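An overview of the molecular structure
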Amino acid sequence: MWGWWLLVSVVWVVFCFVKVQTVRRWGKRLAHVFKRIHPKRFNVIRLNLKLAFPDMDPAERERLAVRNLEETGAYFLETAYVHLHGAEEILKNSIVRGREVLDIALADGKNVLLFGAHYTCLDCCGTVMGHDVPVDVIVRHQNAVVANYLIARYRKQHFRSAIHRDDRNALIKAFQDNSSQRVIWLAPDQDFGHRRSLFVPFLGVEQTATLASVSRIVQRYDMNPLFIEFSYDDESNKWVIEYQPIPDFPTDDQHANATRLNRIIGESVCRKPHQYYWVHRRFKSLADGSIRSYQ
C-alpha cells in the first residue's frame, strides 16, 4: 500500500505544475503504450464497436477504436487530476446547457432522478454537475484501498452524498425523502448480468442486457426523470453537461421503457461515439443465459 501512496504523492507533485489539457495529451499518448502492454482491453473496444456499429466501414471503425482508446487514456489521467489537484480548472472551462429543464423539473417539489451514461469525461463533467446543483450519486466501491479513499474524499467535496448501489435501505431512504428535495444521479447503462436485466435493443445489438429498475424507481417514488449528457468539446476545450427532458416517461410497459432509455443513450453515444466507455464489456450477457467471449 505504501508504494501506491508514494506513486500518488509523485503524481500530485507533477500535477501542481501542469494544466489539465497537458494531462489529457499525456493520457492519449499513454493509451498507445497500454494498447501494446494489454491488447485484450483494446480488443474489447473493437468488439463493442463492431457489435454496436455493424454497418460502419471497418477502417473507419478501427480509427474510431483508436480514438476511443485515446479518450479513455485521457479520462483516467484527467480523473486523477481532478481527484488530486482539485476541480478549479475544470469548473472554469465548463458549459452547462439546458439548466431551465432542471429548473422546471424542480419547480413542483418532486425529487429528480438524473440518469446518464458512462462517458469518458464522466468524472470531470460529474464535478461540474455537482457544483451546478446538490446531487446524490449512486456509486460502487473500488477494490483498491487507496483508490477508494481518494474517490470517497472527492465525492464528499463535490456531491451532496454518495450512496452505494447495493445499499438497498439507503437507496430507498433517498428516493422516499421528501424533507428536502433530492436530485439523484445514476448511470444504468452497463451490463449488470442476467438476473437484474431486461433484453432490449441498444444500437446494433437487438438483445442487450439493460437494467430494468430505472422506470420502476420513477413510478414507485413519483420522481421527475431527466437525462443528463456529458461531453468534451474539442473546439472550445471545455467540458459540457446538458440536461434533457424525457416527456411521457415512464409507461406501464417495462420493456418499452427500457427500450426508450437505451434509444436515448444510443442517440447520445452516436453524437460522439469516441467519448463512450467502450472498454467496458457492454454486451457480455446474452439473452439465452450465456456469456459472450471477449477474447
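Scroll up to find the structure.
In this text, all values refer to a predicted model and were calculated from it rather than measured experimentally.

Brief notes about helix H9 (residues 168–176)
By the burial criterion, the buried members of H9 are Leu 171, Ala 174 and Phe 175. End-on, the buried residues of H9 take up no more than an arc of 95 degrees, which puts them together on one face. In H9, the exposed positions angled more than 90 degrees off the buried face are occupied by Asn 169 and Lys 173. On the buried face of H9, the contacting elements are strand S2 (112–115), strand S3 (136–139), strand S4 (161–164), strand S5 (183–186) and helix H10 (213–220).

A short note on the packing of helix H2 (residues 20–37) against helix H3 (residues 39–52)
It is the contact of H2 with H3, at a shortest axis distance of 5 Å, that shows an interaxial angle of 105 degrees. One finds that H2 runs roughly perpendicular with respect to H3. Of H3, the residues touching H2 (which contributes Phe 34, Lys 35, Arg 36 and Ile 37) are Pro 39, Arg 41 and Phe 42. Residues of the contact of H2 with H3, tallied by class, amount to four nonpolar, no polar and three charged.

Describing the environment of Gln 254
Looking at where Gln 254 falls in the secondary structure, it is placed in helix H11 (residues 254–271). Distance in space between the C-alpha atoms of Gln 254 and Gly 98 is 27 Å, their sequence separation being 156 residues. Here Gln 254 is in contact with Leu 198, Ala 212, Ser 215, Arg 216 and Gln 219, once residues within four sequence places are set aside. Here Ser 215 takes part through its side chain, which lies 2.5 Å from a polar atom of the side chain of Gln 254.

Some remarks on empty space enclosed by the protein
If you walk through the whole model with that rule in mind, you get three cavities of 30 Å³ or more. Of the voids in this model, the largest cavity is the one considered here, and its volume is about 60 Å³. Every residue lining the largest cavity is listed: Phe 115, Pro 188, Asp 189, Thr 210, Leu 211, Val 214, Leu 261, Asn 262, Ile 265 and Arg 282. The set of elements that each furnish at least two residues to the lining of the largest cavity consists of strand S7 (205–211) and H11. Counting residues per element, the lining of the largest cavity draws most heavily on H11, which supplies three residues. Classifying every residue of the lining of the largest cavity gives six nonpolar, two polar and two charged. Approximately 40 Å³ is the volume attributed to the second largest cavity. Taken together, Leu 211, Ala 212, Ser 213, Val 214, Ser 215, Gln 254, Asn 257, Ala 258 and Leu 261 make up the full set of residues lining the second largest cavity.

Considerations on the sheet that holds S3
Overall, mixed pairing links the seven strands, which are arranged S1-S9-S8-S2-S5-S3-S4 in an open sheet. The two strands at the open ends of the sheet, each matched to only one other strand, are strand S1 (94–97) and S4. Pairwise comparison of adjacent strand axes, ignoring direction, gives a mean angle of 25 degrees for this sheet. Relative to strand S9 (residues 238–245), strand S8 (residues 224–233) runs antiparallel, the two sharing eight bridges. In the sheet register, Ile 228 faces S9, and the bridge partner there is Tyr 243.

Quick look at the packing of aromatic side chains
All told, the structure shown has 11 aromatic pairs when counted by the stated rule. Between Phe 53 and Trp 278 the ring centres are 6.1 Å apart and the planes differ by 75 degrees, which places this aromatic pair in the edge-to-face class. Note that Phe 53 is positioned in the loop between H3 and helix H4 (58–85) and Trp 278 in the segment after H11, a separation of 225 residues in sequence. Taken individually, Phe 53 and Trp 278 each receive the classification buried, so the pair is uniform in this respect.

So, the layout of surface pockets
Quantified by volume, the second largest pocket comes out at close to 160 Å³. Taken together, 14 residues line the second largest pocket, and the ones lying closest to its centre are Glu 229, Phe 230, Ser 231, Arg 271 and Lys 272. Contributing elements (two or more residues each) for the lining of the second largest pocket: S8, S9 and H11. Here the lining of the second largest pocket gets four residues from one element, more than from any other, and that element is S8. When its residues are assigned to classes, the lining of the second largest pocket shows five nonpolar, three polar and six charged.

Each value, and the rule that gives it
- Residues numbered from 1 in each chain as written.
- Predicted model: local features only at pLDDT ≥ 70, side-chain atom pairs only at ≥ 80, totals over all residues.
- Heavy atoms only, no water.
- Buried < 20%, exposed > 50% of the residue type's maximum accessible area, 1.4 Å probe, protein only.
- Helix = DSSP H or I, 4+ residues; strand = E, 2+ residues; numbered from the N terminus.
- Arc of directions from axis to C-beta.
- Contact = heavy atoms within 4.5 Å.
- Axes fitted to C-alpha atoms, helices over the stretch in contact; angles between N-to-C directions.
- Parallel < 35°, antiparallel > 145°, perpendicular 65-115°, else oblique.
- Nonpolar A, V, L, I, M, F, W, Y, C, P; charged D, E, K, R; others polar.
- Polar contact = N/O pair within 3.5 Å; in protein donor to acceptor, adjacent residues only side chain to side chain.
- 1 Å grid on protein atoms, 1.4 Å probe; cavity = no way out; pocket = protein on both sides within 12 Å on 5 of 7 lines; lining within 4 Å.
- Points joined across faces, edges and corners; volume = space filled by probe spheres on them.
- Pairing = 2+ DSSP bridges.
- Phe/Tyr/Trp six-rings, centres within 6.5 Å; stacked < 30°, edge-to-face > 60°.

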